[in-house]
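# Survey of secondary and tertiary structure
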Amino acid sequence: RWLEQALSAYDPAWRDPGSGEMDSVPLGNGDVGANVWINEKGEVEFYISKTDAFDNNGRLIKIGKVVV
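So, a few notes on the structure that sits alongside this text. Remember, predicted model here, so these are calculated numbers, not experimental data. (Residues numbered from 1 in each chain as written. Predicted model: local features only at pLDDT ≥ 70, side-chain atom pairs only at ≥ 80, totals over all residues. Heavy atoms only, no water.)

### A word on the overall build of the chain
For clarity, the cut-off: The helix and strand labels rest on DSSP assignments: H or I over at least four residues marks a helix, E over at least two residues marks a strand, and numbering proceeds from the N terminus. Throughout, radius of gyration means the C-alpha value; the globule benchmark is 2.2 Å times the number of residues raised to the power 0.38. Per-residue accessibility, obtained with a 1.4 Å probe over protein chains only, is compared with the maximum for each type, and a residue is labelled buried under 20%, exposed over 50%, and partly exposed between these values. We call two residues in contact whenever any of their non-hydrogen atoms come within 4.5 Å of each other. Only the protein chains shown count as covering a residue, and every accessible area follows the Shrake-Rupley method with a 1.4 Å probe. Only four residue types enter the tally: Lys and Arg on the positive side, Asp and Glu on the negative side; His and the chain ends are excluded. The atoms used to mark charge sites are NZ of Lys, CZ of Arg, CG of Asp and CD of Glu.
Scanning the chain for helices and strands turns up one helix and four strands. Its helices and strands taken in sequence order, the chain reads α-β-β-β-β from the N to the C terminus. For 68 residues, the compact-globule estimate of 2.2 N^0.38 gives 11 Å, and the chain exceeds it by more than 25% at 15 Å. Projecting the C-alpha coordinates of the chain onto the three principal axes gives extents of approximately 50 × 30 × 15 Å. The buried share among the 68 residues of the chain stands at 16%. Here the analysis covers contacts within the chain between residues at least 6 apart in sequence; of these, 7% occur between residues at least 24 apart. Accessible surface for the chain amounts to roughly 5,600 Å². Of this, 54% is attributable to carbon and sulfur atoms. Here the chain holds 7 positive side-chain charges and 11 negative ones, and the gap between their average locations is 1 Å.

### Topic: the pattern of salt bridges
To be explicit about the condition: The salt bridge criterion pairs a side-chain nitrogen of Lys or Arg with a carboxyl oxygen of Asp or Glu, the two atoms within 4 Å.
Considering all chains together, one arrives at five salt bridges under this definition. Between Arg-59 and Asp-55 there is a salt bridge, and its shortest N-O distance comes to 2.8 Å. By relative accessible area, which is 21% here, Asp-55 ends up partly exposed. A single salt-bridge network, built from bridges that share partners, covers Asp-31, Lys-50 and Asp-52.

### Examining the pairing of strand E3 (residues 44-54)
Applied cut-off: Whether two strands pair depends on DSSP finding at least two bridges between them.
With seven bridges joining them, strand E2 (residues 32-38) and E3 adopt antiparallel strand pairing. Paired with Gly-33 across the two strands is Ser-49, which belongs to E3. The hairpin turn running from E2 into E3, its antiparallel successor, is five residues long, and Gly-42 in that turn takes a positive phi close to 90 degrees. Bridge count for E3 against strand E4 (residues 60-67) is six bridges, and the pairing is antiparallel. If you follow Glu-45 over to E4, its bridge partner there is Val-67. Adjacent in sequence and paired antiparallel, E3 and E4 are bridged by five residues, among which Gly-58 carries a positive phi angle near 80 degrees.

### Brief notes about the environment of Asp-16
For Asp-16, the position within the fold is in the loop between helix H1 (2-8) and strand E1 (25-28). The class of Asp-16 is exposed, set by a relative accessible area of 66%. Considered as a pair, Asp-16 and Asn-39 are 23 residues apart in the sequence and their alpha carbons are 8.9 Å apart.

In short, the description is geometric, and any link to function would need to be established separately.
Here is the structure:
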């Protein structure tokens, strides 16, 4: 029971719409990832990422944004 209580402090819950990617829930398996949030209109928005998606300057970038 003590372990359950200790871990509950690290159990995030998103209950309000987000205003952008800074309010997102990160998802992924190590190679492909996404930052997902619900906007104020109730639409699901997410950025898709890939571990080997770099721009011309060598920066890791998102490969697309989807709004559903």
